[in-house]
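# Structural overview for review
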Amino acid sequence: MSDTFLIVAIDFGTTYSGYCFCLKSCTEQIRSVFWGMEHGLRTPKTPTCILFNQEGDFQKFGYDAILSYHRMSKRDAKKAYFFENFKMELYNKTISSNLMIPAKNGEPLSALKVFSESLRYLKDHVLRTIKMHTSGREFIASDVTWVLTVPAIWNSAAKQFMRLAATKAELVLELNSENLIIALEPEAASVWCKQLPGNGFLAEEGSQEKLEQCSGTQYIVVDCGGGTIDITVHKVLEGGYLQELHKVSGGDMGGVSVDKKFKSFLRDIFQSDLWSKYEKEFPGELQKIMYDFCAQKCVSEEQDIYIACPYNLTRSAEERHEIEIFFKHAEDACWSDGTIKIGHRKLQTFFDDSLNKIVEQIKAIFSTPEINIDYILLVGGYASSKFLRDKIHQEFSSSCRVLCPIDSQMAIVKGAILFGNDPKIIASRVSGLTYAIACCAKFNPLIHRQDKRRVNKTGDYVYCKDLFKKLVEKGQSVACNEVSEYIFGPIDDDQEAMFFCFYSTERLDATYVDEDGIKNIGSFSVPMPKVKLGRNRSVRVDVKFGLTEIQATATDLSSNETQSIRLDFLTV
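The text that follows walks through the structure, step by step, so that each part is easy to find. (Residues numbered from 1 in each chain as written. Predicted model: local features only at pLDDT ≥ 70, side-chain atom pairs only at ≥ 80, totals over all residues. Heavy atoms only, no water.)

### Focus on the side chain of Glu244
- Of note, Glu244 is situated in strand 14 (residues 242-251).
- Buried and without a salt bridge, Glu244 has Arg429 as its closest oppositely charged side chain, separated by 5.6 Å.
- Polar contacts involving the side chain of Glu244 include one to the side chain of Thr232, which spans 3.0 Å.
- Polar side-chain contacts of Glu244 include one of 2.5 Å to the backbone nitrogen of Val430.
- Glu244 has contacts with Glu187, Thr232, Val233, His234, Ser428, Arg429 and Val430, leaving out every residue within four places of it along the chain. (Helix = DSSP H or I, 4+ residues; strand = E, 2+ residues; numbered from the N terminus. Buried < 20%, exposed > 50% of the residue type's maximum accessible area, 1.4 Å probe, protein only. Lys, Arg positive; Asp, Glu negative; His and termini not counted. Salt bridge = Lys/Arg side-chain N within 4 Å of Asp/Glu carboxyl O. Polar contact = N/O pair within 3.5 Å; in protein donor to acceptor, adjacent residues only side chain to side chain. Contact = heavy atoms within 4.5 Å.)

In structure tokens form, the structure reads like this:
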């Protein structure tokens, strides 16, 4: 690992973000901060919200951004660029470095700017905090090994985008710096949970035995985030190392989906045209409603909740008729002296779709042969929901133990510290896709398609192009230190470089890279300067698929020069 003094883990979440830090030599003393105390709050994370002025200049992040936005006049709010839940813009999307994402006012801004300014704020905040904890000793970004957490279900382009944003935010100066480690959120949580004693979990008593002491134990980690649910399956190996048993699963069924159900409920109550107009004209007020709901939706008791109805929504509704009439046909919800009262049963319906999808994903794992689950671990901010915990207990407690660590929303970021200190703690991973590289081979008319036939410049080599050379198969277990080696030769005598294209697919195999369901995911170029050797040259490509990011090196065997290759997963 690089020569740094500190490890900082940043959990950049859909709804909330935070960080932890420690001296690299003392990972048992992980420190964190509380947010919002200047506003009368004390939370381990701050909302992942960012505010830019109408010129696109950074203004505020977190609670400061929300409160500044709330205080804006209707006119100013329409001019400002306010972003929330923007991490979801990288999920299941085609991503490029010039991607634009819409602010609350509907106007687009560079996604790279939104993400990098958020990370810059968190970087500056943590460096100031560390200074306060080290008697004024000042550290700079290059003194830190940065660990940035991302959903395990993200594709390679999204991970590269976050690395690019972190570089632009000057956490590191080079894109491929060893000082920046990408950690997968459920893996980080797993690393944290496996070393907790029994009393480190909610409602667990007695046993002090840690999971990492129980070789052979199999468990599911359900990372319940605001945007996505990430599910991974680990087996404990000798020495506390972890083996992934099942490809990562999940989807966009996190806590934000509950918020969307609530917003849809309000649209139904107040009628679509009125609500659309209100949503457009008073975004600051709508933000207050949603914040009020988010603060109450994870109630621990079976009780009703009350959402304060802002002035302009009340006024707009009463211009049509008495506000109580809007609730005439509402089930288990009513108008209550200036507030929207939502009954506990109605509140639960907002969770139903999300919880049913999570249960479905876990059941699919239980039905997988040769997997015998001993525990389900619930982590992440959404895991604080009693609805979620009760549902998982109800469905699976007869088959295994369901555990939720104390302070579940910090499990990921604390585990990321441990992962950053020892990334090889995850001994192997299961490939979620089949990966391949496009290659050429001597043309055989008996097996190759005629439209793929090509002839080189000198006419002495007839070849088939676009062949699908499988590198790793979907569902295949790959050790984190396992290197796959491939040798390739040039097509033309005067060829000065060799260009490689990587592909992925849900399929187990294919013949050509342009078949249905196969996606071009990245490329790189390798210089081959010794053209005087003609076609009597070759390049060796070494690829590691068992890491959180695909890594490769290429060696031009004629000059014996090796270089690290950056696979470019971002579309132009």
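### A look at the nonpolar core
- Ile10, Phe83, Phe115, Leu119 and Trp146 are the most contacted members of the largest nonpolar core, which has 84 residues in total.
- Among the elements that take part in this core, helix 3 (residues 111-133) stands out by supplying 10 residues, more than any other.
- Other than its neighbours up to four places away in sequence, Ile10 contacts Gly18, Tyr19, Leu119, Leu122, Trp146, Val147, Leu148, Thr149, Leu171 and Val413.
- Counting 55 residues, the second-largest nonpolar core is a separate cluster that includes Met290, Ile305, Leu313 and Phe387. (Core = buried A, V, L, I, M, F, W, Y, C linked by side-chain atoms within 4.5 Å.)

### A closer look at helix 7 (residues 272-281)
- Those residues of helix 7 lying buried are Leu274, Trp275 and Tyr278. The buried side chains of helix 7 occupy one side of the element, clustering within an arc of 95 degrees when seen end-on. Structural note: helix 7 exposes Lys277 and Lys280 on the side pointing more than 90 degrees away from its buried face.
- Against the buried residues of helix 7 lie helix 6 (255-270), helix 8 (283-296), helix 9 (311-318) and helix 10 (323-326). (Arc of directions from axis to C-beta.)

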